[in-house]
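Structure at a glance
Chain by chain, the residues:
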Amino acid sequence: MKTVIVFLITVGITTLTFAQIAQGPASGSIPGGVMVNTGSFENIAVLSEGGPVPKRFFNDDEPAPIPMPPNMPPPTAPEGSNYFEDLSARGDLPPGPPPITIASFQGNNQSSGFPPDPILAVGPNHIMHLINSSFRISDKSGNTIRTISANSWFNTTISNPGAFDPKVFYDNHANRWVMVWDNQDPATQTAYFLVSVSDDDDPNGVWFNWALPANVHGSAVSGTWQDYESAGYDDQAYYITGRHFGFTSGYFGNAVRVLPKAQFLGGTPGPITWYDFWSLRDLVGNDVDGVRPSYVLSHPNEYYLAGPPNLTGGTYFALYRITNPLGVPAISCVHVPVTAWTGAPEAGQLGGGVGIEVGGSKVRHEVIYRDSSLWLAHPIAANGGYSAVRYVRINTRTNTAIEDVSFGASGFWYFYPSLAVDKDNNIGITFSRSGETEYAGAYYTWRLNTDPPGLRPTEQIHPGGGNYVVLGNGRNRWGDYMGSAVDPADASNLWFFTEYAPSTNSFATWVQGVRFAPYAGIRIYSSNRSVDLGNIEVGFSTDTATISISSIGTSTLTVSSIAITQPAYNLVNLPSLPANISTFDSVGFKVVFTPTAHGVVNDTITIASNDPANPTMKIPLRAKGFVIGHAQVGVMYSTSQTSGQLYSINVATGAPTAIGPFSLSNIEALAIRPSNKELIGTLSNSTGTVLYRMSTGFGDALQYTTIPVPSMRAIAFTPTGDTLYGATTSGRVYRINIATGDTTFLGANPGISFASLSFSPTSGKLWAGVRPPLTNKDRVYAINTSNGAATLAGSTGFTGQITPGLAFNALGVLFGITGNGTQINNFIRIDTLTAAGTLVGSTGLQNLNGLALRTDSLTTGVSEGSEGVLPGTYVLQQNYPNPFNPTTQIRYGLPQQSRVTLTIYNVVGQEVLRLVDGEQSAGFHGIFWDGTNATGASVASGIYFYKLEAHQIVGQSNATTSTFSDTKKMLLLK
């Protein structure tokens, strides 16, 4: 080992002598690695915007920045003098045409580790995006090809890999993909850089894996391990940096490993040798914590690394050079004076709470070298306790900062910037941003090489959707970096991979491809790759969607026609055609969906132009029309989570009939709104309960409103009016104004978890079924509607089976379903005096969750409505079955709208029950009689008569004329 020193005469304006900048170099080697193939690994399931689970944290004694010494080298300008305001943060429109979006799609959201550490690389035809648990291979349109667990990938290389801190790049000189992950095991005091290199420019297929010891200086065991590794490349070698920590405590500075690349490219996982430098310092002996290697896109004769000293602020960057990487390498350092800065504070956010950790002012992404310039970006403090993104462009020939810009806005925090450079030296910088009025979202800014100093106003990639507080070792972690890359297939294209908070306490990532230069020739473009206008009720129209057509080529685009085929869609504000569109200009129009029937309507907007590569651009359209309808008199509704269907249940037999799918993961409860007879379903979560309007004819569900009551698995409307009662799995009972969403908490019932509710239309009492954690799952309760208190009414007798659905009929007869999960649900009748249940029949279904039946009509069964053909005369049919036990159906036909009574009599002429008494429309009607009288009690076996009287309604005065009367006999056998 030897110590590296530098004798420096002048650097910028600083004169120094004999400063020790590193120890080393020291050599090391391993005998070889292993071959792997992506096709041999499970394509793990995709988790969408899930809540993060902490990765393992280490006792790494994160070194705190130290105060700046009084003799700091002077900056080029005072702090804040390079600050430019982000106009978009205050709502100003960016000047000029926006960047071209070439792709935009959800990133890899596997959430078994946080912080997610999103990083990406781009090759000729593919994108790789990595987070702290897995890597994903996709095409450039966002189609996922494969997602692989990092631990399973490296299980072939070492046991218990515990891979974290992912890095990836595409080596444009060798046309290879390179991944580097960290590993550490304090029990064995071992650590590795897990390196993976593809065998060609396609990331699918063969790779070679190596485990390079990271607990050594060269080959000598150091007693430390290297955290937060970073990786870069040039045309000769690969370079890995890391931070040495003790296995129990202590920070021991930064290191860099030099690895000649030819040994990785030989077609076999052969031996690997390297040289290490460690304990990196700048020229005055300051620790440079977080030295970042570079992506060298061109061909200098030296390699570059850079970073700021580990101080609370700064006036310069340490720029390192490595020469002779294929022999015994040498390292040197200079200081590059820049505008003064102060370290970035933690980020605030809408909703307050614990500040988001932004990693101070370290450079978090690899720096970029192209054409004698080195670009880097980091966050810094801004006035008022906020933070800004800052980039610096260093001329490596003169060791001076030729561009130095900070960029932010009052009330906002910009953090974890990542920078990419295109072939014309235009730059794009992606970052996360939060503010006093916004959650943490994904954004980018940009600058053309010909622009005056500054940065263009921010462009949004994905907005934040919730307050983020996810603690690990007491730290609200974010980042630790973002991804950006230039596209080797078209070096005018830049790609970003950025983190955002999609909902409360969760992270997600988004991939965005952009370009700032027009394509050669004629090129048509629309940011609307497809248009989904959502779901809309028949008789209404969607909010209009705006379609934009842009010219992104150097020659004029001519649009000759714009067409659709489906009459449910309408194009409005169309431009005059043909339309001539100059470079970066655009025309727009709107599309409206007005459905006339239930169902999905697909169409395509076809745009004809003079673009030779895409003369008929097609934009798919999708929307869905909804017919909500009314709950039918006598129809018992239920839903099944297993099949995702809405059913009608035959109250005589329990047999189900599928109505249609509701296109949701589940509907948990059902109730019929008295004012409009609409069927309402619910789906609850830990933050609220969503109410849906159910299509009674097709089974679909259209979202209506959200009630801010979590886990409300049971609902019921009062028999009259629209007052809604809800009960939760934690035993809480609420009264809800469905029109306003206002809730009134009535009371709690510790130890009770509610599963179902229903109001009796005769007594006005509210009844409830329950679910675990109660031992007696078959219990039924009466609920006090004033204070929410539950009083035990009894048990159904179906031991071990909950009652997830309850529904009264108009006569006050209570029905229920029993069982859940894998149990087959039974349909039962419940005695309201004892709560004892009587089996009506098996439904043959699983996971039925709710029951609902209209109680505004004296029907006891199902099936009201027209058969599609009006009867020519009044008709009363013979009941079926006859004889019957215990239920029969009576059917009749009305040629005109009529006032109808249908009455049951016993053999001595006494009225037993009036089944129908009211106005009905023309058509065929059917109703069930279950052998009960007006009090709900069962009648004796014997002969009974049923009499239909129908009075035709005449004129607008609703006058009637007696037109029909008929009586038939039936036999009840028990």
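Residues numbered from 1 in each chain as written. Predicted model: local features only at pLDDT ≥ 70, side-chain atom pairs only at ≥ 80, totals over all residues. Heavy atoms only, no water.

As a further point, take the overall build of the protein chain. Scanning the protein chain for helices and strands turns up one helix and 72 strands. Here the protein chain holds 974 residues, and the buried ones make up 58% of them. In the protein chain, 60% of the contacts between residues at least 6 apart in sequence involve partners at least 24 apart. In the structure as shown, the protein chain presents an accessible area of about 35400 Å², 51% of it carried by carbon and sulfur atoms. The protein chain carries 53 positive and 66 negative side-chain charges, and their two centres are separated by 6 Å. (Helix = DSSP H or I, 4+ residues; strand = E, 2+ residues; numbered from the N terminus. Buried < 20%, exposed > 50% of the residue type's maximum accessible area, 1.4 Å probe, protein only. Contact = heavy atoms within 4.5 Å. Areas by Shrake-Rupley, 256 points an atom, 1.4 Å probe, with all protein chains shown as cover. Lys, Arg positive; Asp, Glu negative; His and termini not counted. Charge placed at Lys NZ, Arg CZ, Asp CG, Glu CD.)

Each strand in a sheet pairs with its neighbour through backbone hydrogen bonds, running either in the same direction (parallel) or in the opposite one (antiparallel). Across the sheet, which stays open at both edges, the four strands sit in the order β48-β47-β46-β65 with antiparallel pairing between neighbours. Unpaired on one side and paired on the other, β48 (656-661) and β65 (848-852) mark the two borders of the sheet. Between one strand and the next, the sheet's axes are offset by a mean angle of 25°, whatever the strand orientation. (Pairing = 2+ DSSP bridges. Axes fitted to C-alpha atoms, helices over the stretch in contact; angles between N-to-C directions.)

Reading across the sheet, the four strands line up as β53-β54-β55-β56 and stay open at both edges, with antiparallel pairing between neighbours. The sheet terminates laterally at β53 (712-717) and β56 (743-748), the two strands that pair on one side only. Taken pair by pair, the neighbouring strands of this sheet meet at an average axis angle of 25°, ignoring direction. The sheet contact formed by strand β55 (residues 732-737) and β56 spans five bridges and is antiparallel.

The buried count for strand β28 (residues 412-421) comes to 10 of 10 residues, which makes it a mostly enclosed element. Sheet topology note: the β28/strand β29 (residues 427-435) ladder contains eight bridges and is antiparallel. Directly across from V421, in β29, lies its bridge partner I427.

Moving on, we come to the packing of aromatic side chains. One pass over the structure, following the stated rule, counts 35 aromatic pairs. With a centroid separation of 5.1 Å and an interplanar angle of 85°, the aromatic rings of W210 and F264 are classed as edge-to-face. Taken together, the positions of W210 in strand β13 (residues 206-213) and F264 in the loop between β18 (251-260) and β19 (272-278) put the pair 54 residues apart, joining distant regions of the chain. Using a relative accessible area of 0% as the deciding quantity, one classes W210 as buried. Classification of F264 by relative accessible area gives buried; the value is 2%. Site record: aromatic cluster; members linked through ring pairs are F169, F208, W210, Y233, Y238, F264 and Y295. R433 extends its terminal NZ or CZ atom over the ring of Y443, reaching a point 4.2 Å from the ring centre. (Phe/Tyr/Trp six-rings, centres within 6.5 Å; stacked < 30°, edge-to-face > 60°. Lys NZ or Arg CZ within 6 Å of the ring centre and 35° of its normal.)

All right, on to unusual backbone geometry then. Residue P25 is reached from G24 by a cis peptide bond, and omega for that bond is 5°. Cis geometry marks the peptide bond from L577 to P578, where omega comes out at 0°. Among the structural elements, P578 can be located in the loop between β41 (569-572) and β42 (579-581). Its identity is not glycine, yet Q189 carries a phi of approximately 50°, on the positive side. With respect to the helices and strands, the residue Q189 is situated in the loop between β11 (176-185) and β12 (190-198). The partly exposed category is assigned to Q189, whose relative accessible area is 42%.

Moving on to the environment of V178. Its location among the elements puts V178 in strand β11. For V178, a relative accessible area of 2% gives the class buried. Aside from chain neighbours lying at most four places away, what touches V178 is K167, V168, F169, S196, V197 and Y238.

Right, let's get into a nonpolar patch on the surface. On the surface, V907, V908 and I943 cluster together into a nonpolar patch covering about 280 Å² of accessible area. Locating V908 in the fold gives a position in the loop between β68 (898-905) and β69 (911-920). (Patch = residues over 30% accessible without salt bridge, like charges linked within 9 Å, V, L, I, M, F, W, Y side chains within 5 Å. Salt bridge = Lys/Arg side-chain N within 4 Å of Asp/Glu carboxyl O.)

A separate point is the confidence of the model for the protein chain. On average, residues of the protein chain score 90 in pLDDT, and 93% of them are at 70 or above. Low pLDDT, under 50, characterises residues 46-60; the stretch is placed with 57 contacts to residues that sit more than four places away or in other chains. The low-confidence segment residues 858-868, where pLDDT is below 50, has 52 contacts with residues more than four positions distant or belonging to other chains. (pLDDT = per-residue confidence, 0-100.)

On to the nonpolar core. Formed by 68 residues in total, the largest nonpolar core has its most connected members in Y320, I331, F415, W478 and W495. In terms of residue count, the dominant contributor to this core is strand β23 (residues 330-342) (six residues). Setting aside anything within four residues of it in sequence, one finds W478 in contact with P115, I356, E357, F415, Y416, S432, A440, Y468, E499, Y500 and A501. (Core = buried A, V, L, I, M, F, W, Y, C linked by side-chain atoms within 4.5 Å.)

Throughout the structure, instances matching the rule amount to 31 salt bridges. For E403, the salt bridge is made with R447, and the minimal N-O distance between the two is 3.6 Å. With E403 in strand β27 (residues 400-408) and R447 in strand β30 (residues 438-447), this residue pair connects regions lying 44 residues apart in the sequence. Taking relative accessible area as the criterion, R447 reaches 7% and is therefore assigned buried. Salt-bridge contacts for D532 lead to R622; the nearest nitrogen and oxygen are separated by 3.3 Å. Taken together, the residues D532 in strand β38 (residues 531-537) and R622 in strand β45 (residues 616-626) connect sequence positions 90 residues apart. Several salt bridges share partner residues, and in doing so they unite E357, R475, R477 and D480 into one network.

Bringing the environment of D202 into the picture now. If you trace the backbone, D202 turns up in the loop between β12 and β13. In the structure, D202 is positioned 26 residues away from R176 in sequence and 8.0 Å away in space, judged by C-alpha atoms. Among residues more than four places away in sequence, those in contact with D202 are H126 and W177. At 2.9 Å, the side chain of D202 forms a polar contact with the backbone nitrogen of N204. (Polar contact = N/O pair within 3.5 Å; in protein donor to acceptor, adjacent residues only side chain to side chain.)

Tracing the backbone through its elements, the reader meets T458 in the loop between β30 and β31 (459-462). Overall, the relative accessible area of 7% leaves T458 in the buried class. There is a polar contact of 2.6 Å between the side chain of T458 and the side chain of D86. Ignoring sequence-local partners within four residues, the contact set of T458 consists of D86, S88, F407, Y414, F431, R433, Y443 and Y444.

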